[in-house]
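# Observations on chain architecture
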Amino acid sequence: MAGKIVSGIISAIRRGGSAAGNLYTLITDDLNVYCIKSEAVLEMMDTVKTTTAALKSGTLAFASCEVVGKASEREYRKTLDSLFSRVRGKMADMEEMTGVPKGLAKAVGSIRKELRGAADELVRRYVSGAPIVVRFHNDCDGSSGALGIYLAIENLLSACGLPEMNLFWRMNKSIAYTELAYNEDSFLFGSISSAEKPVILILDFGTSAESEAQIISAYGKFDIMVLDHHPVYEGFPKDKIPRCINTWLFGGDSDFTAGFLGCVFAEHISHVDKINDIMMSSLIGDFSKHRDRSKVYADRLAIVLDYLTSLDGTPGAPVQKVVPKSIAQFISDKKKFDETYSHAVALLNDSLDRGERFAKRYRSAASDIYLVDFSDAASPDSKYPLPGRYSSRLHERFEGASEKGAITLVHYGNFISVRMSRSLLGTVSLIGVMENLKQESDDVYSFGGHECAFGIKTDKSHIDKVAKLLLKRLGANPE
């Protein structure tokens, strides 16, 4: 065989429709990793001898290699450790980041060590061939963090000469890690054998009671990493999550957004150009108190990310399947980016104008309260904006017109989206109100989020009743 002779270990197998379609991960003693095919069936921990010439061909034919035995656990660990050490040398060794808002600097510092460990673990699993699913919430916050992580991994692969392997991206339209999502991940992992445990990285969702059963079921089968900024309630099974990195657990709060957290995590993998714009878009899109809308590109990116994630799979949408790769390709086209921004702003402003026009206004001793039926405000020919992010934008308008502070309730289907002015913190405890309301009414199925922004789940037949109960407990009097 021509070329340098190398030996390696089969550390993962992704099964195809037939044996000929199998994809094998081969980690080699020259500290490289390859994704290969074989004419014959290979098995986990097979020790394979081949040549660099055969590997560079992109497809390794069984006739050009030799299976010489089985690797022991010690041999496998030694090879993987050496391989990861080489890759680790190319990873970013971030000491401090520029562009971090002053109010977030302390929290970023306290969380950095945990992020460093999580980044190392994720990259180690990747080079071993273990399957990784990244699930991100379908809004600007979740998608900005996923975009940062994707770009960082792409930079690292390029710097190390590594192939694209068993890394999968899923946009999550729920705030929970649902049974459906768990079953999808379990099915995928069932088709891939790997020496290391599979990983699920959950970004900007999952800290909810609806996730508990799935988190517990996953424990011991595959590892979960969580990057989130929603309050961690008492009883949440974080002990079942090997790496639960939530801003509330490290001196931060929900204004330290998940997208911002994801980008700080990404910077521990590899430096990304325009990372500060991506981070700021997360703060703007999630209405963090640390946002700076004078950052023009970041402000526009926040609108575009919300627009793209709203229209996922819609016929005629600018991006049919919203994953970080397609987002990166789309926003790199300045003409498309600018056209999409202008179109999205026009749709958003039209919906906001209708929301203001049809809103029912109430007053309480502490605040102005606005109730909006989303069906009155929504653009009839578009899925943008979605109710949750629309609520935040509409609330911003009401807040600007209120001298006391505002509470905005937008109801749609079987949900109520709630937003509250920060100036009311300490005066009005919406979470406390909701906890009492849930105890008193069987019609409140669940609620989740943080003090100034959360959602209530009921059913369509009781949506008006729940809204009236909430208005009553807030002391609302119709104008």
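Bear in mind the structure is a predicted one, so any value in this text is a computation, not a measurement.

### Digging into the nonpolar core
Across soluble globular proteins, nonpolar side chains have a tendency to be buried as a group. By size, the foremost hydrophobic cluster in this structure holds 98 residues, and its most contacted members are I149, L227, F260, F265 and I269. Here this core gets 11 residues from one element, more than from any other, and that element is helix α3 (residues 102-128). Beyond its immediate chain neighbours, meaning those up to four positions away, L227 contacts L115, I149, L201, I202, L203, D204, I245, A258, L261, G262 and F265. Counting 26 residues, the second-largest nonpolar core is a separate cluster that includes Y362, L409, L430 and I463.

### Describing the side chain of S392
Here S392 is to be found in helix α13 (residues 387-401). Here S392 falls in the buried class, since its relative accessible area comes to 14%. When residues no more than four places from it in sequence are discounted, the contact partners of S392 are F287 and R419.

### Topic: the sheet that holds strand β11 (residues 243-246)
As summarised here, the arrangement of the 5 strands in space is β7-β6-β9-β10-β11, forming an open sheet in which the pairing is parallel. Strands at the two margins of the open sheet, each flanked by one partner only, are β7 (167-172) and β11. Strand after strand, the sheet turns through a mean of 15 degrees between neighbouring axes, direction not considered. Here 5 bridges tie strand β9 (residues 199-203) to strand β10 (residues 223-228), and the two strands are oriented parallel to one another. Of the residues in β10, the one forming a bridge with L201 is M225. Against the sheet, α3 makes contact with β6 (132-137), β7, β9, β10 and β11, and its axis sits at roughly 135 degrees relative to β11, the strand it touches most.

### Examining the pattern of salt bridges
Under the counting rule described, the total for this entry stands at 28 salt bridges. Note that D185 and R135 form a salt bridge whose closest N and O atoms lie 3.0 Å from each other. Here the residue D185 occupies a position in helix α5 (residues 179-190), and R135 occupies one in strand β6, the gap between them amounting to 50 residues. The shortest N-O distance in the salt bridge between R291 and E396 comes to 3.7 Å.

### A look at helix α9 (residues 296-310)
With 15 residues, α9 should cover 21 Å at 1.5 Å per step; its first-to-last C-alpha distance of 22 Å lies within 8% of that length. A large share of α9 lies buried, amounting to 12 of its 15 residues. What α9 keeps buried is the set A298, D299, L301, A302, I303, V304, L305, D306, Y307, L308, T309 and S310. On its buried face, α9 is in contact with α4 (140-160), β7, α8 (275-285), α10 (324-331), α11 (334-358) and α13.

### So, the packing of aromatic side chains
Scanning all chains against the criterion turns up 13 aromatic pairs. With centroids separated by 5.0 Å and ring planes inclined at 65 degrees, the aromatic side chains of F189 and F222 adopt a geometry described as edge-to-face. Here F222 lies in the loop between α6 (212-218) and β10 and F189 lies in helix α5, a separation of 33 residues in the sequence. For F189, a relative accessible area of 8% puts it in the buried group.

### What about helix α15 (residues 463-473)?
Among all positions in α15, only I463, V466, A467, L470 and L471 are buried. Projected down its long axis, α15 shows its buried positions confined to an angular sector of 135 degrees, all on one face. Facing away from the buried side of α15 by more than 90 degrees, the exposed set consists of K468 and K472. Lining the buried residues of α15 we find β12 (360-363), β13 (368-373), β14 (406-412), β15 (415-420), α14 (430-440) and β17 (453-457). Among the residues trailing α15, G475 stands out with phi positive, at a value near 75 degrees.

Parameters at a glance
Residues numbered from 1 in each chain as written. Predicted model: local features only at pLDDT ≥ 70, side-chain atom pairs only at ≥ 80, totals over all residues. Heavy atoms only, no water. Core = buried A, V, L, I, M, F, W, Y, C linked by side-chain atoms within 4.5 Å. Buried < 20%, exposed > 50% of the residue type's maximum accessible area, 1.4 Å probe, protein only. Helix = DSSP H or I, 4+ residues; strand = E, 2+ residues; numbered from the N terminus. Contact = heavy atoms within 4.5 Å. Pairing = 2+ DSSP bridges. Axes fitted to C-alpha atoms, helices over the stretch in contact; angles between N-to-C directions. Salt bridge = Lys/Arg side-chain N within 4 Å of Asp/Glu carboxyl O. Expected span 1.5 Å × (residues − 1). Phe/Tyr/Trp six-rings, centres within 6.5 Å; stacked < 30°, edge-to-face > 60°. Arc of directions from axis to C-beta.

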